[in-house]
Amino acid sequence: MSEFLHVAMSFPTVFFSFPLIVVVGYWAVVITGLFGLDGPDAPWLGLGGVPAGVSLSLLIAMAWLLSLIGSRFVPGSLLLAVPAVALAGGWLGTRALLSPLRRLLAKERLPSRGDFVGRMCVIRTGQATHDFGQAEVTAADGSSAVVQVRTTGQDHLARGDNALIFEYDADGEFFWVMPYESEL
């Protein structure tokens with residue numbers, strides 16, 4: 001054990017030993033529940049798509065391991081190149097490991113108001129005009145929402161009329177609708 005500690009705390013492995021201690025501490029805190037794993041992505045150097053804690057941890061651990069191996073097998077003055085080669089090899093290895101992780105940790109697309117565009121709705125207020133109206137629309141998942149709607153031109157829709165949502169106005173936070181007759 002003392003030989004391992006000697007190698008881990010000597011050149012060139014020592015460059016990565018202290019960051020590795022920080023990584024181990026970070027994961028101890030994550031496991032205890034004090035920190036969550038939902039951190040920001042690390043988009044730099046192609047290591048994005050997963051939380052920064054994961055990609056940095058893998059990078060540091062792989063660089064430390066490669067540096068440890070290099071310190072045992074690389075002779076003399078070539079030892080000076082081991083930290084750079086270990087960092088480059090750690091980066092390559094991390095990119096390779098993150099590729100399947102990105103698919104597993106893919107962010108679910110959150111629903112937006114734009115998802116209602118192209119859907120049929122039913123007018124729920126007494127009428128819908130160019131400056132007032134509400135309608136009930138059903139989302140793809142089966143849930144329904146009451147939304148603000150406006151008509152164009154001279155269109156006036158009454159309660160219970162079917163309408164087609166054709167555009168969302170983000171500034172006014174309402175949907176543009178037009179009369180819609182469904183064919184049975």
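A few points on the structure. Keep in mind the model is a prediction, meaning the values are calculated, not measured.

Describing the overall build of the chain
- On a plain count of helices and strands, the chain comes out with four helices and seven strands.
- Secondary structure of the chain in N-to-C order comes out as α-α-α-α-β-β-β-β-β-β-β.
- Relative to the 2.2 N^0.38 estimate, which gives 16 Å for 184 residues, the radius of gyration of the chain is 29 Å and therefore markedly larger than a compact globule would have.
- By its C-alpha atoms, the chain is 85 × 30 × 30 Å across when sized along the principal axes.
- Expressed as a percentage of its 184 residues, the buried residues of the chain come to 30%.
- Of the roughly 11,700 Å² of accessible surface on the chain, a fraction of 65% belongs to carbon and sulfur atoms.
- When the 11 positive and 16 negative side-chain charges of the chain are each reduced to one mean point, those points stand 11 Å apart.

A look at the sheet that holds strand β3 (residues 134-138)
- Taken in spatial order, the five strands close into a barrel running β1-β3-β4-β7-β6, and their pairing is mixed. Strand after strand, the sheet turns through a mean of 55 degrees between neighbouring axes, direction not considered.
- Pairing of strand β4 (residues 144-151) with strand β7 (residues 174-179), which is carried by three bridges, proceeds in the parallel orientation. Looking at the pairing, Val 149 lines up with Phe 175 of β7.

Some words on the packing of helix α2 (residues 14-32) against helix α3 (residues 52-73)
- Axis separation between α2 and α3 bottoms out at 9 Å; the angle between their running directions is 140 degrees. Comparing their axes, α3 and α2 come out oblique. For the element pair α2 and α3, the recorded crossing hand is left-handed. Listed contacts from α3 to Phe 16, Ser 17, Pro 19, Leu 20, Val 23, Tyr 26 and Trp 27 of α2 are Gly 53, Val 54, Ser 57, Ile 60, Ala 61, Ala 63, Trp 64 and Ser 67.

Cut-offs and rules
Residues numbered from 1 in each chain as written. Predicted model: local features only at pLDDT ≥ 70, side-chain atom pairs only at ≥ 80, totals over all residues. Heavy atoms only, no water. Helix = DSSP H or I, 4+ residues; strand = E, 2+ residues; numbered from the N terminus. Rg over C-alpha atoms; globule rule 2.2 N^0.38 Å. Buried < 20%, exposed > 50% of the residue type's maximum accessible area, 1.4 Å probe, protein only. Areas by Shrake-Rupley, 256 points an atom, 1.4 Å probe, with all protein chains shown as cover. Lys, Arg positive; Asp, Glu negative; His and termini not counted. Charge placed at Lys NZ, Arg CZ, Asp CG, Glu CD. Pairing = 2+ DSSP bridges. Axes fitted to C-alpha atoms, helices over the stretch in contact; angles between N-to-C directions. Parallel < 35°, antiparallel > 145°, perpendicular 65-115°, else oblique. Left-handed = near helix turned anticlockwise from the far one by under 90°. Contact = heavy atoms within 4.5 Å.

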